[in-house]
Structure formats: structure tokens, C-alpha cells
Amino acid sequence: MVVASAPAKVILFGEHFVVYGEPAIAIAIDKRAYAEATLRKDKLIYINSVNLGVSGFFKGRHFQPEKDKATLDKLVPIKNSVTKVLGKANETIGVNLDIQSDIPASAGLGSSAAVAVSTTAAVGYLVGVKLSKEDVFEIALDAERLIHGTPSGIDPAISTYGGAIIFQKGKDFKPLDVKLSIPLVVGNTNLERSTGELVAAVRRMRDYYPSIVGEIIKIGGEIALRAIEALKRGDLKVLGELLNINHALLSVIGVSNEALDHLIYAARNSGACGAKLTGGGGGGCIIALTEDSRIKKVIAAIERAGGTAFQARKTDEGVRVEP
Ligand code: PMV
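Everything numeric here is computed off the predicted structure, so don't read it as measured data.

Colleague: Whenever I open this one, the overall build of the protein chain confuses me. Can you help?
Modeller: Scanning the protein chain from N- to C-terminus turns up nine helices and 13 strands. Computed over C-alpha atoms, the radius of gyration of the protein chain comes to 20 Å, within 12% of the 20 Å expected from 2.2 N^0.38 for 323 residues, which places it in the range of a compact globule. A principal-axis box enclosing the C-alpha atoms of the protein chain has dimensions of 60 × 45 × 35 Å. When each of the 323 residues of the protein chain is scored for burial, the buried share is 54%. In the protein chain, the share of contacts with a sequence separation of at least 24, taken over all contacts with a separation of at least 6, comes to 72%. Carbon and sulfur atoms make up 51% of the accessible area of the protein chain, which totals about 14,700 Å².

Colleague: Even after reading the chapter, I still don't get the packing of helix H6 (residues 210-233) against helix H7 (residues 236-252), so can you show me in this structure?
Modeller: Axes are the key here: two packed helices are described by the angle between their axes and the distance separating the axes. For the pair H6 and H7, the least separation of the axes is 10 Å and the interaxial angle reads 160°. As summarised for this structure, H6 and H7 are arranged roughly antiparallel, according to the angle between their axes. Classified by chirality, the crossing of H7 by H6 is left-handed. Note on element contacts: H7 touches H6 through Val238, Leu239, Leu242, Ile245, Asn246, Leu249 and Val252, opposite Ile216, Ile219, Gly220, Ile223, Arg226, Ala227, Ala230, Leu231 and Arg233.

Colleague: Got a minute to help me understand the packing of aromatic side chains in this structure?
Modeller: The geometry of an aromatic ring pair comes down to the distance between the two centres and the angle between the two planes. Applying the stated rule across the entire model yields five aromatic pairs. Here the aromatic rings of Phe58 and Phe63 are separated by 4.6 Å at their centres, their planes lie at 40°, and the arrangement is tilted. Each member of the pair, Phe58 as well as Phe63, carries the same accessibility label: buried. The interplanar angle of 85° and the centroid separation of 6.3 Å between the aromatic rings of Phe137 and Phe173 together place this pair among those described as edge-to-face. Here Phe173 lies in the loop between strand S7 (164-167) and strand S8 (174-176) and Phe137 lies in helix H3 (residues 133-148), a separation of 36 residues in the sequence. We classify Phe173 as partly exposed; its relative accessible area is 28%. Three or more aromatic residues joined by ring pairs form one cluster here, namely Phe137, Phe167 and Phe173. Stacked on the ring of Phe310, the Lys or Arg Lys31 has its end atom at 4.7 Å from the ring centre. For the cation-ring pair, Arg268 lies above Tyr265, with the distance from its terminal atom to the ring centre recorded as 5.2 Å.

Calculation notes
- Residues numbered from 1 in each chain as written.
- Predicted model: local features only at pLDDT ≥ 70, side-chain atom pairs only at ≥ 80, totals over all residues.
- Heavy atoms only, no water.
- Helix = DSSP H or I, 4+ residues; strand = E, 2+ residues; numbered from the N terminus.
- Rg over C-alpha atoms; globule rule 2.2 N^0.38 Å.
- Buried < 20%, exposed > 50% of the residue type's maximum accessible area, 1.4 Å probe, protein only.
- Contact = heavy atoms within 4.5 Å.
- Areas by Shrake-Rupley, 256 points an atom, 1.4 Å probe, with all protein chains shown as cover.
- Axes fitted to C-alpha atoms, helices over the stretch in contact; angles between N-to-C directions.
- Parallel < 35°, antiparallel > 145°, perpendicular 65-115°, else oblique.
- Left-handed = near helix turned anticlockwise from the far one by under 90°.
- Phe/Tyr/Trp six-rings, centres within 6.5 Å; stacked < 30°, edge-to-face > 60°.
- Lys NZ or Arg CZ within 6 Å of the ring centre and 35° of its normal.

The quantities given are spatial measurements derived from coordinates; they are silent on function.
Below, the structure written as C-alpha cells:
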């Protein structure tokens, strides 16, 4: 039996602006997805996702659900990772895979990527295929394509490598050397949203007001650059202010809403250094940079405001095989 795990991510700065070529910063956080792989005597692939509440057997392309039929599309990306790894092994064998995750799904925290990354590593180790981190990233990115069409690749990258990353369209991901643990509270509105629709709405606004929205996008990039310096210095005060400014810009381009703003003001008013939405917006999560002594207060305030919340920190550990 092999267990591998991989972390969730949050975007600290620069979502949406990154679509237009500006830099963005993402970090891995200490919430993980765990994949447990064991060998089967037959050639089936059995996948059980505890959090999604779905399970079933694959025999080639044929799928046999254990309970509910509507589960296939959620399991196909995971199965894709398994067959890619098995394809690198010479023998045709079957695998059982149990997925358990600490990461809330559909919240912009990269849960599907963390599942693909941990699955790839667990199955690779189980069948004795040596996979570099680059290999794991590529296989997980392929699974993400089945879910999101044209993902930027940031989720599988951060989940594979851990730490902090600067990403910019058309350039390689650059690791960012940050000593600071980046103490955060993540607040979840638990509202579902479509990142694709929000990206399209921003594009319409930019096309209608190119000179206005174009300037906002450029300022978004400048904030990310200033944030890199503040992260290196470990300057929580400046980082908090930059988070607040970044959130204001995201509001201007229409991707925040009342639910997000409600949680953000609850966090700020209870002592967070700064707070913004993270990811696509329109629902999903906020992040609040919060000194250790205030974390409990901020979590309580977000929960009083109707969200769910948890503490998170940067983790430098990407994918790992558990001892
Ligand atoms: O909601 P998430 O975590 O998938 O993040 C989306 C980030 C955007 O910048 C809005 C879109 C993108 O492809 O970069």
C-alpha cells in the first residue's frame, strides 16, 4: 500500500490580471489531498473519492458505478492519471485508489489538482515507475485539462512543487523564496461559481472600457510586484494593505459580490492585516492575512458573518509519498 499527498493553493495576488499578462503570486497551503493506492489481482481500476461521495470500477473505458451513475465525470480525470502512470509500467495490472482530502472542493483552492498530483505519485510509487516532479506535474496537468479545458497550470504546479510561485502567461513558473510562513485565514462563502464565466465578464468590461480597465489591470500587476518585495521582507503590514488594494481593484472589475465583501469586512474589522477574495471570485473563498494572536477572532467573525473558515499557512512541501 502507498499513500501520497499534495497541497492546496491560494492565489495571493494578481488573479484575473494574470489573464492579460500581469504577474500573479500563488502559494501552497497546509491542507492536503491524500491518495492511497493498492494493487489488484484483476485489471480493474477502482476509485473511491470519500469527499465527493463517489466510487466505481473502470475496465478500460467502461465504467461501473458502485452507487450513483452521475459520478463518472468526476472520476474520469483521476482515472486518466492512473492509466497514464500504468502506461509507463510494462505489466497490465489493476489498482485500488482511495482519495481523502482536507481541501474543500469547488472553492478555488485547487482541490482537483491536488487529487490528480497525489494520485499520480501514489500509483507511480506503487508500480515502481520513477516519476520526476516534472512528470507528476505533466500528468496532473493533463487531468486538469479534462476538467477545465485550458487551465493555466498553476494549480498542478503549486501542488507538485509547494512553496510560493510567481506566474506570468507565456513564461515559466518562477519559485519565490519566501521565509515568512504567511499566516492566513481562509473564509469560504460556500457559493458555487464559474471561473470561466467571470473571466469572460471581465473581458467584456475590458473590451468596452479598454483605457480604464487596461489601467486597472496594469496596477494589478504593479501590486503583485510590490507584494514580492514585501513577502521577501516579511512585512505583514504592507502585505495587508496590498491585499486590500488588490481586492478593491477586483471589485471594480466586477468579480466580488456581497457575500465575499461581507466576509472580507468581517475579517478586517476583527483585526486581520488585510483581506481579499482569492481565485475567480463571484463566490468561493477569501483570504485574510492575520497575525497569530488574532486568528481565532478572525475565524469566529467570518463564521458569524455566514461563512466557514480555517487557518492556513504556506507549506514548502509539495507532493510527497507518506512514510
Ligand atoms: O478560481 P481559480 O482558483 O481557478 O483561479 C482563477 C484565476 C483566474 O485568474 C481568474 C483565471 C486564470 O485562468 O488565471
